[in-house]
Amino acid sequence: MDRATLGAAIGLHPDAAALVEKYERLEGDDFPARKAYFLQDREAMLTSVRQRTDYRPFLLYFFMRMAVDAYDEYRLREIPDEVYIDTFSDIRIWSEVFKTTYGEYGIEESGWLQEHVRLALFRLGRLQFQPIALDRDLSVGDRKFAKGDLVLNVHIPAGEPLDPEAALASFARARAFFRGVPPVFVCHSWLLYPGLGQVLDPSSNIMQFQRLFEIYELDEASRQAEERIFGAKQDDPAAYDTNTGLQRRAKAFLEAGGKLGAGLGIIVSQ
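Structural notes, computed from the coordinates. (Residues numbered from 1 in each chain as written. Predicted model: local features only at pLDDT ≥ 70, side-chain atom pairs only at ≥ 80, totals over all residues. Heavy atoms only, no water.)

Here we look at the overall build of the protein
Of the regular secondary structure elements, the protein holds 11 helices and 8 strands. Computed over its C-alpha atoms, the radius of gyration of the protein comes to 20 Å, within 12% of the 18 Å expected for a compact globule of 270 residues. Projected onto the principal axes, the alpha-carbon positions of the protein cover approximately 55 × 45 × 30 Å. Here the protein holds 270 residues, and 46% of them are scored as buried. Considering only contacts in the protein between residues 6 or more positions apart, those separated by 24 or more positions represent 66%. By element, 48% of the accessible surface of the protein is carried by carbon and sulfur atoms, the whole surface being about 13,500 Å². Taken together, the 32 basic and 41 acidic charged side chains of the protein have centroids lying 1 Å from each other. (Helix = DSSP H or I, 4+ residues; strand = E, 2+ residues; numbered from the N terminus. Rg over C-alpha atoms; globule rule 2.2 N^0.38 Å. Buried < 20%, exposed > 50% of the residue type's maximum accessible area, 1.4 Å probe, protein only. Contact = heavy atoms within 4.5 Å. Areas by Shrake-Rupley, 256 points an atom, 1.4 Å probe, with all protein chains shown as cover. Lys, Arg positive; Asp, Glu negative; His and termini not counted. Charge placed at Lys NZ, Arg CZ, Asp CG, Glu CD.)

Here it is, written out as structure tokens:
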């Protein structure tokens, strides 16, 4: 695997790919030392990089290089190339989010993408899955889970419709992929906030996805929904631009005093 092949496979924009090659020419010789630092202390390395004025475009280059190196480990684990490409398509997704926000290509989500390059997160079809240990005891209905129990954390990548059948197929793939991990799925997302039922039709993809989970807690402080729906948060809902039906309904809901938070849900498969 090389940078050009990976870039083409994940659909990286030519301008973003050119930026990666520019940094390779300028800083490629330093990559082995930076990678070693990252593997030794990820947080310290990323903190040091963020001191750079150009840290965002540099991180696009760095994570592309790390993704290329991760391919050998995928091969050793006999993980299909499809999973490799789908997983690292997040680099394209987040570089495009950055382009939309800042007008140039780069990466802000360094804390997130470090999970991909250390093979702690995989995309299996529509959804991403990350084995994690519960950080607390949890009771849901008549089921009890202990702090430290291993579960699969679910993430929903942007960029595609959240088709219910595709989501169900992803859960099925995860049960087969993560051998030895109990088929217990947890998710913390704005998509699981019950208040969305006042904005969306019950038959919408999002509401169908939400109903797959048993919601056991609400995160009322989260404003992730506003970030995802409008692109950025505003102090006054009246300031939101509306170009889609969802944006218009969400804006009216917020202006009327409604709340859009996040929900925490769980699926326990048999």
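Comments concerning the sheet that holds strand 5 (residues 150-155)
Sheet architecture is open: 6 strands sit in the order 1-2-5-6-8-7, paired in mixed fashion. Two strands bound the open sheet, and with one partner strand each, they are strand 1 (122-124) and strand 7 (214-219). Pairs of neighbouring strands in the sheet enclose a mean axial angle of 30°, with direction left out of account. Pairing of strand 6 (residues 184-189) with strand 8 (residues 262-268), which is carried by 6 bridges, proceeds in the antiparallel orientation. Paired with C187 across the strands is G265, a residue of strand 8. Each of strand 1 and strand 2 (127-133) is contacted by helix 6 (residues 81-102), which is oriented at about 110° to strand 1, the strand it contacts most. (Pairing = 2+ DSSP bridges. Axes fitted to C-alpha atoms, helices over the stretch in contact; angles between N-to-C directions.)

A closer look at the packing of helix 5 (residues 55-76) against helix 6
Their axes nearest at 10 Å, the elements helix 5 and helix 6 cross at an angle of 175°. Relative to helix 6, the element helix 5 lies roughly antiparallel. When helix 5 is examined against helix 6, the residues R56, L60, F63, M64, A67, V68, A70, Y71, Y74 and R75 are found in contact with a partner set consisting of D81, V83, Y84, T87, F88, I91, S95, F98 and Y102. Counted by class, the contact of helix 5 with helix 6 contains 14 nonpolar, 2 polar and 3 charged residues. (Parallel < 35°, antiparallel > 145°, perpendicular 65-115°, else oblique. Nonpolar A, V, L, I, M, F, W, Y, C, P; charged D, E, K, R; others polar.)

Quick look at the pattern of salt bridges
Evaluated as defined, the whole model comprises 18 salt bridges. Its salt-bridge partner being E27, residue R34 comes within 3.5 Å of it at the nearest N-O pair. Two residues, R52 and D54, come together in a salt bridge whose shortest N-O distance is 2.9 Å. What you see here is one network of salt bridges that share partners, running through R3, E21, E24 and R65. (Salt bridge = Lys/Arg side-chain N within 4 Å of Asp/Glu carboxyl O.)

Side note on the pairing of strand 8
Summarising burial for strand 8: 6 of the 7 residues are buried, a large majority. Across 5 bridges, strand 7 lies against strand 8 in antiparallel orientation. What sits directly across from D219, in strand 8, is A262.

Quick word on helix 2 (residues 14-27)
Between its first and last C-alpha, helix 2 extends 20 Å over 14 residues, near the 20 Å set by a 1.5 Å rise per residue. The secondary structure elements touched by the buried residues of helix 2 are helix 1 (3-10), helix 3 (31-40) and helix 5. (Expected span 1.5 Å × (residues − 1).)

Notes on unusual backbone geometry
Phi angles above zero are rare outside glycine, and E78 is one such case at about 60°. Within the element layout of this structure, E78 appears in the loop between helix 5 and helix 6. For E78, a relative accessible area of 71% translates into the label exposed. Phi is positive for L119, close to 55°, though the residue is something other than glycine. Checked against the element boundaries, L119 lands in the loop between helix 7 (110-117) and strand 1. The class of L119 is buried, set by a relative accessible area of 10%.

Considerations on the environment of Y102
Position of Y102 relative to the elements: it lies in helix 6. Assessed through its relative accessible area of 47%, Y102 is described here as partly exposed. Spatially, the C-alpha atom of Y102 lies 19 Å from that of W112, the residues being 10 residues apart in sequence. Beyond its immediate stretch of four places on either side in the chain, Y102 contacts R56 and E108.

Digging into helix 6
Taking 1.5 Å of rise per residue, the 22 residues of helix 6 would be expected to cover 32 Å, and the 32 Å separating its terminal C-alpha atoms lies within 8% of that figure. Of the residues flanking the end of helix 6, it is G103, one or two places downstream, whose phi is positive at about 85°.

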